[in-house]
4 protein chains.
Amino acid sequence: MRKGVMRPGHVQLRVLDMEEAVVHYRDRLGLIEVNRDSQNRAYFKGWTEIDSFSVVLREADEPGMDFMGFKVTTPDVLEERKQELIEYGCSVEVIPAGELDGCGERIRFDSPTGHYFELYAEKEQPGKWGISPKNPDAWPEELKGMRATRFDHCLLYGDDIDGTADLLQKVLGFQLSEQVVDQESGTRVAAFLTVSTKAHDIAFVRHPEKGKFHHASFWLDTWEDVLRAADLISMHDISLDIGPTRHGLTHGQTIYFFDPSGNRNEVFCGGDYTYPDHPVVTWDAEQIGKAIFYHDRVLNEAFLGVVT
Amino acid sequence: MRKGVMRPGHVQLRVLDMEEAVVHYRDRLGLIEVNRDSQNRAYFKGWTEIDSFSVVLREADEPGMDFMGFKVTTPDVLEERKQELIEYGCSVEVIPAGELDGCGERIRFDSPTGHYFELYAEKEQPGKWGISPKNPDAWPEELKGMRATRFDHCLLYGDDIDGTADLLQKVLGFQLSEQVVDQESGTRVAAFLTVSTKAHDIAFVRHPEKGKFHHASFWLDTWEDVLRAADLISMHDISLDIGPTRHGLTHGQTIYFFDPSGNRNEVFCGGDYTYPDHPVVTWDAEQIGKAIFYHDRVLNEAFLGVVT
Amino acid sequence: MRKGVMRPGHVQLRVLDMEEAVVHYRDRLGLIEVNRDSQNRAYFKGWTEIDSFSVVLREADEPGMDFMGFKVTTPDVLEERKQELIEYGCSVEVIPAGELDGCGERIRFDSPTGHYFELYAEKEQPGKWGISPKNPDAWPEELKGMRATRFDHCLLYGDDIDGTADLLQKVLGFQLSEQVVDQESGTRVAAFLTVSTKAHDIAFVRHPEKGKFHHASFWLDTWEDVLRAADLISMHDISLDIGPTRHGLTHGQTIYFFDPSGNRNEVFCGGDYTYPDHPVVTWDAEQIGKAIFYHDRVLNEAFLGVVT
Amino acid sequence: MRKGVMRPGHVQLRVLDMEEAVVHYRDRLGLIEVNRDSQNRAYFKGWTEIDSFSVVLREADEPGMDFMGFKVTTPDVLEERKQELIEYGCSVEVIPAGELDGCGERIRFDSPTGHYFELYAEKEQPGKWGISPKNPDAWPEELKGMRATRFDHCLLYGDDIDGTADLLQKVLGFQLSEQVVDQESGTRVAAFLTVSTKAHDIAFVRHPEKGKFHHASFWLDTWEDVLRAADLISMHDISLDIGPTRHGLTHGQTIYFFDPSGNRNEVFCGGDYTYPDHPVVTWDAEQIGKAIFYHDRVLNEAFLGVVT
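Model, not experiment: these values are computed from the prediction.

### A word on the relation of the copies chain A and chain D
Alright, step 1. With an RMSD of 0.0 Å, chain A superimposes on chain D once it is rotated by 180 degrees and translated 0.0 Å along the axis. Both copies of the chain, as the preceding transformation shows, are related through a two-fold rotation axis.
Alright, step 2. In this assembly the copies share their binding face: 100% of the residues contributing to the interface of chain A also contribute to that of chain D.

The structure is reproduced here in structure tokens:
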């Protein structure tokens, strides 16, 4: 958090059918549906999140990610980062406060991998959902489905992942926590970056096409919750990608599946922690199977091929 | 237990290399190595088992199962079952006490699927391993690997599974707990049978060849132990079949893998209970994918094809 | 199950305020409310139970247990056990079919500890709640509160526990699985009995007064479910007795609490299994603290003193 | 981490008998014993910690804490914090590099509650114990006892907890995450502070005496690990304080026990996360029972009374 960037604060996803998508994110993932704005975008949050939303769905003809936003500590930090983004060479757009309901001014910028990111300093803060801010109970009883607790990170696919990693490290204070490197060519195949002590707040995999979305990930508390998620996937005939399993990278315990529009979701628990003095954890590209799916030790076809 | 047959008491497996096999069953599965007999067979048990052994390994040129044995309550019951087996038309062989170290007389018989089973009434009973018989502690601290607690069941492949099921039900008092049935032809594709309240003490899948072995299964306490097993499989580069996942049949939580000789093992936890008044649980053959692998909802290639 | 007695099938408890009690058993324990009969008794079951009910609440001026019932395999077995109970010297009363909605004829008998027990062979069998009998899913999504899966056993307090144990063993085929014995006097302080492979289907603790009820116990799947139960106890300000903890006897993982009328409930998971050839597990009375509460290693005041 | 202070890096505890203490911290807590220095101090670390040690035991006539150290990002930060500590009015002592084996220069300072803290920028970094730095496996198989993964925080007792909290917030960049406040008097009874997103990196409870130590806490991965810890406590006859249970404050799942010298230890898992924009979570002092022990909802005698 050395440049005032705190955490992934929101992601806007494109869905083909809003009503199907709402059922998925609300009743299956178990996010809290909090709003529908004048553009008919649906807003959600995990119940532990104190801000007013973290997931925004927009109906469109193609699935994928519009942008991912990071919350910074103060408006001053927002202004400083904006200047540095311009100096770094990014195209920077100022989105006025209120364009997303309850969110202050957003600084949107592009990146070498073709993804759009945003920074913002202010968002309405109604507090955690379903429990009192004072003498708070352990959890709210009314949660649905997988009971995802928070939006955690995105994994994005694009060509120049070294470029985007450099941008995030230099301007936004991200730290490279883990990576997959082809030992022969020296090419970095995957880069995991964090602004906290989490193993990743964002991740990238090298891919010929720009601007692709692999998955949005949500936090569960336990491996038993991952099983519950897997059961719900089967009970509601949701398209499973892979899991329950563990990742080698970060060692998180995970399951991947698809929303009705084909966007991949992950719910996961556990995993390693990282501090600024931690060396980068490196996996050899020839062990990428184990790096991604620790138990299977091979990639499934979908992992590299299916993105939105 | 209406005919005095209590439980699966042992299984004798053929392994290609004894030393590799011992490392696998002792250090990976975590069974307790208890004996090596004059024929160089290695004996193991799960730590919660009070009898002296439950798994016997014999070095041979081909993997597979020699026989599976069930313990009955008394020598009288053993004699009664022997007579009924003969009347039923089985080839019955009496194996003298001591042929397996510490085991009393065994009544061996063949079955319509070509598998050999045994009954016996007596086996040395040193008690649970590593804890005191009096004021017993919760578990012994010295367990290794997956810490499998007991031998639970076998799944066998053969042609006339209705015949073997009939034999086990009529003569040995087994109950059909679950089955997979082809609704069109009425063919029973899989049969799960129990002599206790466990969902299965033995199971069969229809298969053109007689006498095939699909897996020997061992009990773990929790889903977290299944994860631990999965991690050990990866850490020791053991050949994984599938998992961690859940079965639709029995709803147990499971992982399948292979011993160094190619015999499949399962470790699992949880799952349904059955009483004599419970109706048979039936899965449609067209849903066999979900019946076997509840999350993936498709069979992997190995499940039907790879047997020993 | 050597005398055809299968399992604890129901318990009738007295509650002081029916509406409060219904909220507790339905919304906190998470039993399924299935019926209210013409005497205003409320019927419940755990979702995995195939019979129509297992818990009956009756409004009365004092809390406690009216009777506990066991299901037998057939009407013939019921008749045989009735004759044996009479021969043993019990007062036997025949309760006509339908006195409890959906339950066949019940044979009620007294016992040396002053508790009333029943046997019955028939009860309506609607199947598990919330899942299909064919191709059954893993669990129903609509469960409430602690999601107790089944009625498991009762622990009863009374004077002549050796007498009641003898009755249950001789006439009903129970097996003594675990006990606490005062080594000096040879007095048995507690007796755990089973008709299955569960560590207990009923248990007794020696106590000067006859006919006392310590707790009715319900099965949970996991230690994480025990935590969830503990959280709900706090969130709904339910009177906690003790837990989460483990028992030394049976090694189950448990929490005790009180219904609004002062009847003690237990929800628990895990624990040992028992077969007919298993020796009795004995704890020394001087280690009774550890035998009951394995972690604390001392009894709390309530355990011995508070019964209904 | 806004002032470059990263994490609790070490704690030095006084023990009455070194050999007993080593057995406890190594074989029961499961820390890795890494060193014994020329002063006969024993060094330990949790297996996930990349630095060379985090717990130091010193044999003395009285138990308690000598000091707790925090690692900062760089030597420059160390120098800046030193100047600010002097300006704030602390007594600052420079401990030369090497006084603790493998640790660089330490800046020791006192605090209004009478506790001694240290900052340091450099410590030998052998990496995580038992797994490869490249393509790292999920965990090492050779762990003992409770398998504590890392030193997490200390809870300290003292009089002027507002003073120490002010010092840690102003000079070291700590954030007040949770507190217990007496609503009538406005007195803060407990203060939890963090320099990361963990709910606490250090905590204080108001107490008439200065410089007291309540417990050192270690991280476990799961609630099942807390059960395992509880079992080990019983199996090795370790003095239990309380647990397994959950805290209301932070909502972590926990167990407290004592080392052979009477120093309290905690192992715990789970719990809330905190970011700089999170409001302070406040518990009313009249609910302190639930705040500390969420399930029991009353303090046990030891919690407030037993400190070293």
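Further notes follow.
### Quick look at the sheet that holds strand 6 (residues 92–95) of chain D
All names here are of chain D.
Alright, step 1. Pairing within the open sheet is mixed, and its 8 strands lie in the order 2-3-4-1-5-8-7-6. The sheet terminates laterally at strand 2 (32–36) and strand 6, the two strands that pair on one side only. Each neighbouring strand pair of the sheet contributes to a mean axis angle of 25 degrees, computed without reference to strand direction.
Alright, step 2. Summarising the sheet, strand 7 (residues 106–109) and strand 8 (residues 117–120) pair through 4 bridges and their orientation is antiparallel. When the bridges of strand 8 are listed, R106 appears paired with Y120.

### Structural notes on the interface of chain A and chain D
Alright, step 1. The interface of chain A with chain D comprises 39 residues on the first partner and 39 residues on the second.
Alright, step 2. Both faces combined, the contact of chain A with chain D buries some 3300 Å², and carbon together with sulfur accounts for 50% of it.
Alright, step 3. When the area that chain A buries against chain D is broken down by residue, the three leading residues are N135, Y273 and Y275 of chain A, summing to 20%.
Alright, step 4. Our enumeration of links across chain A and chain D arrives at 8 salt bridges.

### What about the sheet that holds strand 5 (residues 64–72) of chain C?
Residues and elements named next belong to chain C.
Alright, step 1. With mixed pairing, 8 strands are arranged side by side in an open sheet as 2-3-4-1-5-8-7-6. Single-partner strands in this sheet number two, and they are strand 2 (32–36) and strand 6 (92–95). Mean inter-strand twist for the sheet, computed between neighbouring axes without regard to direction, equals 25 degrees.
Alright, step 2. Where strand 6 meets strand 7 (residues 106–109), 4 bridges bridge the pair, whose relative direction is antiparallel. Bridge pairing in strand 7 places E93 opposite R108.

### A short note on the nonpolar core
Alright, step 1. Counting 159 residues, the largest nonpolar core has L57, L119 and I202 of chain C together with L57, L119 and I202 of chain D as its most contacted members.
Alright, step 2. Apart from the residues lying within four places of it in its own chain, the contact partners of L119 of chain D are V5, F70, V72, L78, R81, L85, E105, R106, I107, F109 and L172 of chain D.
Alright, step 3. M18 of chain A together with V22, F257 and V267 of chain B belong to the second largest nonpolar core, which has 140 residues in total.

### With respect to unusual backbone geometry
Alright, step 1. The amide bond that connects G243 of chain C to the next residue, P244 of chain C, takes the cis arrangement and shows omega of 0 degrees.
Alright, step 2. The backbone phi angle of D237 of chain B is positive, close to 55 degrees, even though this residue is not glycine.
Alright, step 3. Among the structural elements, D237 of chain B can be located in the loop between helix 4 (223–235) and strand 14 (240–246).
Alright, step 4. The phi torsion at H251 of chain D lies on the positive side, around 60 degrees, for a residue other than glycine.
Alright, step 5. Take H251 of chain D: it is sitting in the loop between strand 14 (240–246) and strand 15 (253–258).
Alright, step 6. Since its relative accessible area comes to 4%, H251 of chain D is described here as buried.

### What to know about the side chain of T254 of chain C
Residues and elements named next belong to chain C.
Alright, step 1. Note that T254 resides in strand 15 (residues 253–258).
Alright, step 2. By relative accessible area, which is 1% here, T254 ends up buried.
Alright, step 3. A polar contact is formed between the side chain of T254 and the side chain of E266, at a distance of 2.6 Å.
Alright, step 4. Ignoring anything within four residues of it in the chain, the contact list for T254 reads V226, G243, P244, T245, R246, H247, E266, V267 and F268.

### Comments concerning the interface of chain D and chain B
Alright, step 1. Taken together, the contact between chain D and chain B spans 16 residues of the former and 16 residues of the latter.
Alright, step 2. Carbon and sulfur atoms supply 46% of the area that chain D and chain B bury against each other, a total of about 1300 Å² over both sides.
Alright, step 3. Among the residues chain D hides against chain B, the three largest losses belong to W139, E141 and M235 of chain D. Together they make up 46% of the total.
Alright, step 4. One can count 0 salt bridges joining chain D with chain B.
Alright, step 5. One can count 6 residue pairs in polar contact (both at pLDDT 80 or more) joining chain D with chain B.

### Points about the domain arrangement of chain A
Residue and element names in this part refer to chain A.
Alright, step 1. Along its sequence, chain A is carved into domain 1 (5–123) and domain 2 (151–305).
Alright, step 2. Relative placement of domain 1 and domain 2: their C-alpha centres are 20 Å apart.
Alright, step 3. Counting residues at the interface gives 40 residues for domain 1 and 38 residues for domain 2.
Alright, step 4. Each partner contributes to the roughly 3000 Å² buried at the junction of domain 1 and domain 2, and carbon and sulfur atoms together form 71% of this total.
Alright, step 5. For the domain 1 face of the interface with domain 2, the top three residues by lost area are Y88, P112 and T113, together amounting to 20%.
Alright, step 6. Our count for the contact surface shared by domain 1 and domain 2 stands at 15 residue pairs in polar contact (both at pLDDT 80 or more).
Alright, step 7. Contributing elements (two or more residues each) for the side of domain 1 that touches domain 2: strand 1 (5–15), helix 1 (18–28), strand 5 (64–72), helix 2 (75–88) and strand 8 (117–120).
Alright, step 8. The element contributing the most residues to the side of domain 1 that touches domain 2 is strand 1, with 10 residues.
Alright, step 9. Partitioned by chemical class, the residues of the side of domain 1 that touches domain 2 number 22 nonpolar, 9 polar and 9 charged.

### Describing a negative patch on the surface
Alright, step 1. Residues D17, E20, E59, D61 and E62 of chain A make up a contiguous surface patch of negative charge.
Alright, step 2. According to the relative accessible area criterion, E62 of chain A is exposed, its value standing at 54%.

Thresholds, definitions, all that
Residues numbered from 1 in each chain as written. Chains lettered and ligands numbered in written order. Predicted model: local features only at pLDDT ≥ 70, side-chain atom pairs only at ≥ 80, totals over all residues. Heavy atoms only, no water. Least-squares fit on C-alpha atoms with pLDDT ≥ 70 in both. Contact = heavy atoms within 4.5 Å. Pairing = 2+ DSSP bridges. Helix = DSSP H or I, 4+ residues; strand = E, 2+ residues; numbered from the N terminus. Axes fitted to C-alpha atoms, helices over the stretch in contact; angles between N-to-C directions. Buried area = accessible area lost by both parts, 1.4 Å probe. Salt bridge = Lys/Arg side-chain N within 4 Å of Asp/Glu carboxyl O. Core = buried A, V, L, I, M, F, W, Y, C linked by side-chain atoms within 4.5 Å. Buried < 20%, exposed > 50% of the residue type's maximum accessible area, 1.4 Å probe, protein only. Polar contact = N/O pair within 3.5 Å; in protein donor to acceptor, adjacent residues only side chain to side chain. Domains from an automatic or database assignment. Nonpolar A, V, L, I, M, F, W, Y, C, P; charged D, E, K, R; others polar. Patch = residues over 30% accessible without salt bridge, like charges linked within 9 Å, V, L, I, M, F, W, Y side chains within 5 Å. Areas by Shrake-Rupley, 256 points an atom, 1.4 Å probe, with all protein chains shown as cover. Lys, Arg positive; Asp, Glu negative; His and termini not counted. Charge placed at Lys NZ, Arg CZ, Asp CG, Glu CD.

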